[in-house]
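Residue-level structural notes
If you want the building blocks of each chain, they are given just below.
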Amino acid sequence: MRPFNHINANTLDEVSDALKKGGAVAIAGGGDLLSALKDDIFHEYPKTVINIKSVPDLDYIKSDDGTLKIGALTTLADIARSTITAENFDILAQAAGKASSPALRETTTIGGNLCQLPRCWYFRKLNNRFDCARKGGERCFAFTGDNRYHSVFGGATFETASGEKRTCIAVNQGELAPVLTVLGAKFQTTERLIDAADFFGVGVMNATVLNCGEILTEIQIPIPETARKNRYKRFAFRKSIDFPVINLAISVDNKNNYRICLGGVAPVPYVAAKAEALLNGREITEELAEQAGDAAAEGAKPFEANAYKVPLIKTLVKRELLAL
C-alpha cells in the first residue's frame with residue numbers, strides 16, 4: 001500500500017464534506033476497498049481514507065411501520081442470522097448467508113456489498129496495468145480480451161469527466177442487488193430516496209448513481225400485507241468465496257404477479273421484464289416455466305467465451321419457477 005491519511009468520521013456531514021473535496025474514499029467493512037488499495041488499481045491513489053464505521057446509528061435491523069429497515073453498516077452476517085430478516089424476507093437472509101465466506105461476512109456491510117466496484121479483471125489488474133474505460137481510459141479491454149464472465153446483454157455507455165462517451169461490459173455481481181430489486185426495496189441516502197431498480201449505474205470508478213459526497217444510509221423494504229413466495233439461487237464455479245457467475249431472485253404474490261432479476265449478466269442487475277409479462281397472472285407449468293426461461297434470455301448477445309451464460313439463464317429461471 002501507499003501512504004494515506006486516515007480519518008475516523010463522527011458524522012455523515014464530515015464524511016460528505018471530505019469526499020466532496022476530492023482525493024478521498026470511504027471505508028466501512030473494507031472488503032472491497034482494502035484489496036483495491038493493496039493492488040493499487042486506482043488511476044489516482046486516494047490521499048485520505050475516511051472510516052464511516054465510527055459514525056453512530058447506522059448498524060441496525062428493525063421493523064418499523066410496515067417496513068423492514070436495515071442500516072447501511074449492518075454486516076451480512078447479522079442480516080443472515082437475524083430473526084427479523086428471516087421472518088419477513090427469508091430470501092434476503094439466504095442471499096446474505098451465501099455471500100463471500102463466513103469470516104468476511106462478519107465485516108462486510110450491506111452498504112459495501114451494494115456499492116462495490118466491478119470485479120472485472122482488467123479493472124482490478126495489479127498496479128493499474130489496464131487504464132480501462134471504467135477508470136476514465138479510452139476503451140473496455142474485455143470487448144476483445146477475456147470476457148468469459150462479462151455481460152451477455154451488451155455494455156453500458158457513460159460519460160467521463162471530460163464529456164467523452166465510453167462503454168463497459170463488466171457485470172454487477174453483488175449478492176444482494178437482485179434480491180432487493182425484486183423485493184421493491186428503496187435506498188435512503190443523505191440526499192434522496194432511490195428505488196433499488198434505479199440505484200445501480202455505470203461510471204468512472206463508480207457502480208451506483210450516487211453523487212460525489214452522497215452516502216447510502218439505510219435500506220427500506222416494504223413488508224407485504226399478504227405472503228409472497230421467494231426464491232434465490234446463485235451459480236458459481238466454487239462453493240465458497242467466489243462471487244456468483246449468475247445469481248437469480250424471484251418473488252411472486254398471491255395473484256401470481258412475478259418479479260425476476262438476474263445478477264452477473266449485465267452491467268446492472270437485469271430485470272427480466274419479458275419473462276415477468278409472460279408469467280403474470282398465470283399458474284406455473286413446466287411448459288410455461290421453460291418459456292419464461294427463454295424469455296429471460298431473449299435479446300442476449302453473448303461473446304464466444306461467455307455464451308454458456310445464456311443456457312444458464314434459461315435453466316436457472318425454469319428450475320426456480322418450478323421450485324416455487
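Since we're looking at a predicted model, the values are computed, not measured.

Comments concerning the overall build of the protein
A tally of regular secondary structure across the protein gives 12 helices and 16 strands. In terms of overall dimensions, the protein is globule-like: its C-alpha atoms have a radius of gyration of 19 Å, near the 20 Å expected for 324 residues. Dimensions along the principal axes, computed over C-alpha positions, put the protein at roughly 60 × 50 × 35 Å. Across the 324 residues in the protein, those meeting the buried criterion constitute 51%. Here the protein displays about 14900 Å² of accessible surface, and carbon together with sulfur accounts for 48% of that area. For the protein, the distance from the average site of its 39 positive side-chain charges to the average site of its 38 negative ones is 5 Å.

Notes on the nonpolar core
Leu114, Leu180, Phe187 and Ile219 are the most contacted members of the largest nonpolar core, which totals 33 residues. For this core, the secondary-structure elements that each account for two or more residues are strand 5 (67-71), helix 3 (76-81), helix 5 (90-98), helix 7 (110-115), helix 8 (177-182), helix 9 (196-199) and strand 12 (216-222). Those residues in contact with Phe187 that sit more than four places away from it in its chain are Leu114, Leu180, Arg192, Leu193, Ile194, Ala196, Phe199, Phe200, Leu216, Glu218 and Ile219. Counting 27 residues, the second largest nonpolar core, distinct from the first, contains Val152, Phe153, Ile260 and Ala295.

Some thoughts on the pairing of strand 4 (residues 61-64)
Both strand 4 and strand 5 contribute to a ladder of four bridges, which runs antiparallel. Its bridge partner being in strand 5, Ser63 is matched across the sheet by Leu68. Linking two consecutive strands that pair antiparallel, namely strand 4 and strand 5, is a turn of two residues; a positive phi of about 55° is found at Asp65 within it.

What to know about the packing of aromatic side chains
With the rule as written, the count across this model stands at 12 aromatic pairs. Arranged with centres 6.1 Å apart and planes meeting at 75°, the rings of Phe143 and Phe303 form a pair that is edge-to-face. Residue Phe143 is found in the loop between helix 7 and strand 6 (156-159), and its partner Phe303 is found in the loop between helix 11 (286-297) and helix 12 (309-323); the two are separated by 160 residues along the sequence. Above the ring of Tyr60, the side-chain terminus of Lys62 is found at 4.8 Å from the ring centroid. When the ring centre of Phe123 is taken as origin, the NZ or CZ atom of Lys135, which lies over that ring, is 5.3 Å away.

Regarding the environment of Asn280
For Asn280, the position within the fold is in the loop between helix 10 (273-279) and helix 11. Residues Asn280 and Lys255, 25 residues apart in the sequence, show an inter-C-alpha distance of 8.2 Å. Every residue in contact with Asn280, bar those within four places of it in the chain, is listed here: Asn256, Asn257 and Tyr258.

Remarks on the packing of helix 11 against helix 12
Between helix 11 and helix 12, the shortest axis-to-axis distance is 8 Å and the interhelical angle comes to 145°. Along this stretch, helix 11 crosses helix 12, giving a crossing that reads as right-handed. Packed against helix 11, whose contacting residues are Glu286, Ala289, Glu290, Ala292, Gly293, Asp294, Ala296 and Ala297, the element helix 12 presents Val310, Ile313, Lys314, Val317, Lys318, Leu321 and Leu322 at the interface. Of the residues belonging to the contact of helix 11 with helix 12, the class tally is nine nonpolar, one polar and five charged.

Reading guide: rules and limits
Residues numbered from 1 in each chain as written. Predicted model: local features only at pLDDT ≥ 70, side-chain atom pairs only at ≥ 80, totals over all residues. Heavy atoms only, no water. Helix = DSSP H or I, 4+ residues; strand = E, 2+ residues; numbered from the N terminus. Rg over C-alpha atoms; globule rule 2.2 N^0.38 Å. Buried < 20%, exposed > 50% of the residue type's maximum accessible area, 1.4 Å probe, protein only. Areas by Shrake-Rupley, 256 points an atom, 1.4 Å probe, with all protein chains shown as cover. Lys, Arg positive; Asp, Glu negative; His and termini not counted. Charge placed at Lys NZ, Arg CZ, Asp CG, Glu CD. Core = buried A, V, L, I, M, F, W, Y, C linked by side-chain atoms within 4.5 Å. Contact = heavy atoms within 4.5 Å. Pairing = 2+ DSSP bridges. Phe/Tyr/Trp six-rings, centres within 6.5 Å; stacked < 30°, edge-to-face > 60°. Lys NZ or Arg CZ within 6 Å of the ring centre and 35° of its normal. Axes fitted to C-alpha atoms, helices over the stretch in contact; angles between N-to-C directions. Left-handed = near helix turned anticlockwise from the far one by under 90°. Nonpolar A, V, L, I, M, F, W, Y, C, P; charged D, E, K, R; others polar.

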